[in-house]
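This is what each chain is made of:
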Amino acid sequence: TGGLFSGVVVGYVASVNPHPNADRLRLVQVDLGPLGQNQVVCGAPNVAPGMRIAYAQIGAQVINRKEGGLFELKPATIRGVESTGMICS
C-alpha cells in the first residue's frame, strides 16, 4: 500500500563493508545485472551479501516518509562517501 513510485528494481547484494566515517552506516555494493553495480550507503543492520533487495535507482520517484509526498532520488554524499541509489525496506 502507498503512493505511486517508479525506478525501483530488484538488486543483488554483492558485498557489505563498514563505512569508513560512521559506525552505524555500511557500504553496500548492489549488483543490477546488465545495469552494472552501484554503491549505496545504508543504515539497515540486516542487509547481508546474497540478499535480493528492492533498489531505488537515481531518478526514481519514492515516498518521503516524513512528508508523505514523492521526491526524485539524486546521488548523495553521506559522510564523505558517494551513494548512488537507495535500498528500500
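Thresholds applied
- Residues numbered from 1 in each chain as written.
- Predicted model: local features only at pLDDT ≥ 70, side-chain atom pairs only at ≥ 80, totals over all residues.
- Heavy atoms only, no water.
- Helix = DSSP H or I, 4+ residues; strand = E, 2+ residues; numbered from the N terminus.
- Polar contact = N/O pair within 3.5 Å; in protein donor to acceptor, adjacent residues only side chain to side chain.
- Contact = heavy atoms within 4.5 Å.
- 1 Å grid on protein atoms, 1.4 Å probe; cavity = no way out; pocket = protein on both sides within 12 Å on 5 of 7 lines; lining within 4 Å.
- Points joined across faces, edges and corners; volume = space filled by probe spheres on them.
- Nonpolar A, V, L, I, M, F, W, Y, C, P; charged D, E, K, R; others polar.
- Buried < 20%, exposed > 50% of the residue type's maximum accessible area, 1.4 Å probe, protein only.
- Pairing = 2+ DSSP bridges.

Looking now at the side chain of H19. One can find H19 in strand β1 (residues 6-19). Within the local environment of H19, its side chain forms a polar contact with the backbone nitrogen of N21, the two atoms lying 2.8 Å apart. Excluding anything up to four places from it in sequence, H19 contacts L25, R26, L27, V41, I78, R79 and V81.

Volume-wise, the second largest pocket comes out at about 360 Å³. In this structure, the second largest pocket is lined by 22 residues; those nearest its centre are V41, C42, G43, M86 and I87. Counting residues per element, the ones that place at least two in the lining of the second largest pocket are β3 (37-42), β4 (52-63), β6 (76-78) and β8 (86-88). Of the residues belonging to the lining of the second largest pocket, the class tally is 15 nonpolar, five polar and two charged.

Glancing now at the environment of A44. Following the sequence through the fold, A44 ends up in the loop between β3 and β4. Look at A44 and you get partly exposed, because its relative accessible area is 23%. Taking the C-alpha atoms as reference, A44 lies 8.1 Å from R26; in sequence the two are 18 residues apart.

With that settled, the discussion passes to unusual backbone geometry. Despite not being glycine, R79 shows a phi value in the positive range, around 55°. The topology assignment puts R79 in the loop between β6 and β7 (81-83). Accessibility expressed as a relative area gives 54% for R79, which makes it exposed.

Let us look at the environment of C88. Positionally, C88 belongs in strand β8. Between the C-alpha atom of C88 and that of F71, which follows or precedes it by 17 residues, the distance is 14 Å. When near neighbours in sequence (up to four residues on either side) are disregarded, C88 contacts A54 and A56.

This part is about the pairing of β1. Pairing analysis gives six bridges linking β1 to β4, with the strands arranged antiparallel. Within β4, the position partnered with S6 by the bridge is Q61. Bridging between β1 and strand β2 (residues 22-31) involves seven bridges; their strand directions are antiparallel. Counted as the bridge partner of P18 is R26 from β2. Taking the residues between adjacent antiparallel strands as the criterion, β1 and β2 are bridged by two residues.

So, to be careful, I would describe these as geometric facts and stop short of saying anything about function.
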